[in-house]
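# Results of the structural survey
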Amino acid sequence: MNIQSVRRATDIISLFCRSPQPLGITEIATALKLNKGTVWGLVTTLEQQRFLQQDPSTRKYGVGPKLFELGMVYVGSLDINAKAARPAQALAARTGLNARIGIWDNGSVLITFLAVPRSEDYLSHQLGPRVPAYCSAIGKALLAYLEPAELKNYVRNLDTRAAPSQAASSCGSIWLRPASAVTRSRARR
Amino acid sequence: MIPGLAALGAPVFGRNRTLMGAMSLSETPVKVLGKRLDRLSYELVRTAADISREMGYSVA
């Protein structure tokens, strides 16, 4: 397997970050501008390795158990999760609200831990795991303290079609006061 | 931005005031933005500060 194949295989896996729905060979080929034969070869290999799995009724592919396993390993390896799990759980129980921990990753927020006051609600609160920073409370808390160079880079790369100008004010989240002035002044630069 | 959801956020720092991540509290706007708003903000900031200390952050 050459480097191009590895790149294509990871591109295929990455497609599923944006698409929770199963994808067919044709859809994957179209999305990545590859021919169907190439995609078929890569997808069946990924399926054999359990990175993807095929729904027998639709013949479409979705995320496989190996990716879940890796995700759990990753989440368990994060120092912030180890340190924050207990306090976040306690905060959720005390307030009756959902507490999330997130990290800055590749221009947006990756939610790494969720504490819900009632465990039976866990699945109904699945959000993300990746959320945009500009319109989430957790994202604004990060934006307010990003290194200036990284913040500048973030603002430059922000897709303005996906981020309408009123988004920041209409999103219904409240910026914590100490952070808000900083966020606003920095975001406008 | 999710209709019907309100949230508060606070940063988490580590050693040398490095930004390590952030924390949020969320629920319906009535539950988050009502009378308890100040109390919830305080609880969230305090918890984020506790985690920050665990991560090696110190004020000094």
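Computed from a predicted structure; not experimentally measured.

Definitions and cut-offs
Residues numbered from 1 in each chain as written. Chains lettered and ligands numbered in written order. Predicted model: local features only at pLDDT ≥ 70, side-chain atom pairs only at ≥ 80, totals over all residues. Heavy atoms only, no water. Buried < 20%, exposed > 50% of the residue type's maximum accessible area, 1.4 Å probe, protein only. Helix = DSSP H or I, 4+ residues; strand = E, 2+ residues; numbered from the N terminus. Arc of directions from axis to C-beta. Contact = heavy atoms within 4.5 Å. Buried area = accessible area lost by both parts, 1.4 Å probe. Salt bridge = Lys/Arg side-chain N within 4 Å of Asp/Glu carboxyl O. Nonpolar A, V, L, I, M, F, W, Y, C, P; charged D, E, K, R; others polar. Pairing = 2+ DSSP bridges. Core = buried A, V, L, I, M, F, W, Y, C linked by side-chain atoms within 4.5 Å. Axes fitted to C-alpha atoms, helices over the stretch in contact; angles between N-to-C directions. Parallel < 35°, antiparallel > 145°, perpendicular 65-115°, else oblique. Phe/Tyr/Trp six-rings, centres within 6.5 Å; stacked < 30°, edge-to-face > 60°. Lys NZ or Arg CZ within 6 Å of the ring centre and 35° of its normal.

Let us now look at helix 2 (residues 25–32) of chain A. Residues and elements named next belong to chain A. Listing the buried residues of helix 2 in full gives Ile25, Ile28 and Ala29. Around the axis of helix 2, the buried residues are gathered within 100° of arc, so they sit on the same side. Check the buried side of helix 2 and you find it contacts helix 1 (3–18), helix 3 (36–48) and strand 2 (61–63). Directly after helix 2, the chain includes Lys33, whose backbone phi takes a positive value near 55°.

Let's shift gears to the interface of chain A and chain B. Contact with chain A, which involves 34 residues of that partner, is made by 37 residues of chain B. Of the roughly 3000 Å² buried at the junction of chain A and chain B (both faces included), carbon and sulfur atoms supply 66%. Linking chain A to chain B there are one salt bridge. The set of elements that each furnish at least two residues to the side of chain A that touches chain B consists of helix 5 (79–95), strand 3 (98–105), helix 6 (137–143) and helix 8 (167–170) of chain A. Of the residues belonging to the side of chain A that touches chain B, the class tally is 21 nonpolar, eight polar and five charged. Two elements, strand 3 of chain A and strand 2 (residues 19–27) of chain B, share five bridges in a ladder whose sense is antiparallel. Bridging across to strand 2 of chain B, Asn98(A) finds its partner in Ser26(B).

Further remarks concern the nonpolar core. Membership of the largest hydrophobic core comes to 26 residues, with the highest contact counts inside it found for Ile101(A) and Met23(B). Looking at this core, the elements with two or more residues in it are helix 5, strand 3 and strand 4 (108–115) of chain A together with strand 1 (6–13), strand 2 and helix 2 (37–54) of chain B. Leaving out residues up to four positions away in the same chain, Ile101(A) has contacts with Ile80(A), Asn81(A), Ala84(A), Ala88(A), Leu110(A), Ile111(A), Thr112(A), Phe113(A), Ile138(A), Ala22(B), Met23(B) and Ile51(B). Membership of the second largest hydrophobic core comes to 17 residues, among which are Ile111(A), Tyr134(A), Ile138(A) and Leu143(A).

Counted by the stated rule, this structure contains eight salt bridges over all chains. Lys60(A) serves as the salt-bridge partner of Glu27(A), at 3.2 Å between the closest nitrogen and oxygen. Of this pair, Glu27(A) sits in helix 2 while Lys60(A) sits in the loop between strand 1 (52–54) and strand 2; the two residues are 33 residues apart in sequence, bridging distant segments of the chain. With a relative accessible area of 29%, Lys60(A) lands in the partly exposed category. Connected via shared salt-bridge partners are Arg94(A), Arg39(B) and Glu43(B).

All names here are of chain A. For the pair helix 1 and helix 3, interaxial distance at closest approach is 10 Å and the crossing angle is 75°. Comparing their axes, helix 3 and helix 1 come out roughly perpendicular. For the pair helix 1 and helix 3, the contacting residues are Ser5, Arg8, Ala9, Ile12 and Ile13 in the first and Thr38, Leu42, Val43 and Leu46 in the second.

Residue and element names in this part refer to chain A. Note on placement: Pro129 falls in the loop between strand 4 and strand 5 (130–131). Sequence-wise, Pro129 and Val109 are 20 residues apart; in three dimensions their C-alpha atoms are separated by 8.1 Å. If sequence neighbours within four positions are ignored, Pro129 has contacts with Val109, Leu110 and Ile111.

With that out of the way, let us pick up the packing of aromatic side chains. The full count for this structure, using the stated rule, is three aromatic pairs over all chains. With a centroid separation of 5.3 Å and an interplanar angle of 70°, the aromatic rings of Trp104(A) and Tyr154(A) are classed as edge-to-face. With Trp104(A) in strand 3 and Tyr154(A) in helix 7 (residues 148–157), the pair connects residues that are 50 residues apart, well separated along the chain. Per residue, the accessibility class of Trp104(A) equals that of Tyr154(A), and both read buried. With centroids separated by 5.7 Å and ring planes inclined at 35°, the aromatic side chains of Phe13(B) and Tyr57(B) adopt a geometry described as tilted. With Phe13(B) in strand 1 and Tyr57(B) in the segment after helix 2, this pair connects stretches of sequence that are 44 residues apart. An aromatic cluster is present here, built from Tyr145(A), Phe13(B) and Tyr57(B) joined pairwise through their rings. We note Arg17(B) situated over the ring of Phe13(B); from NZ or CZ to the ring centre the distance is 5.0 Å.

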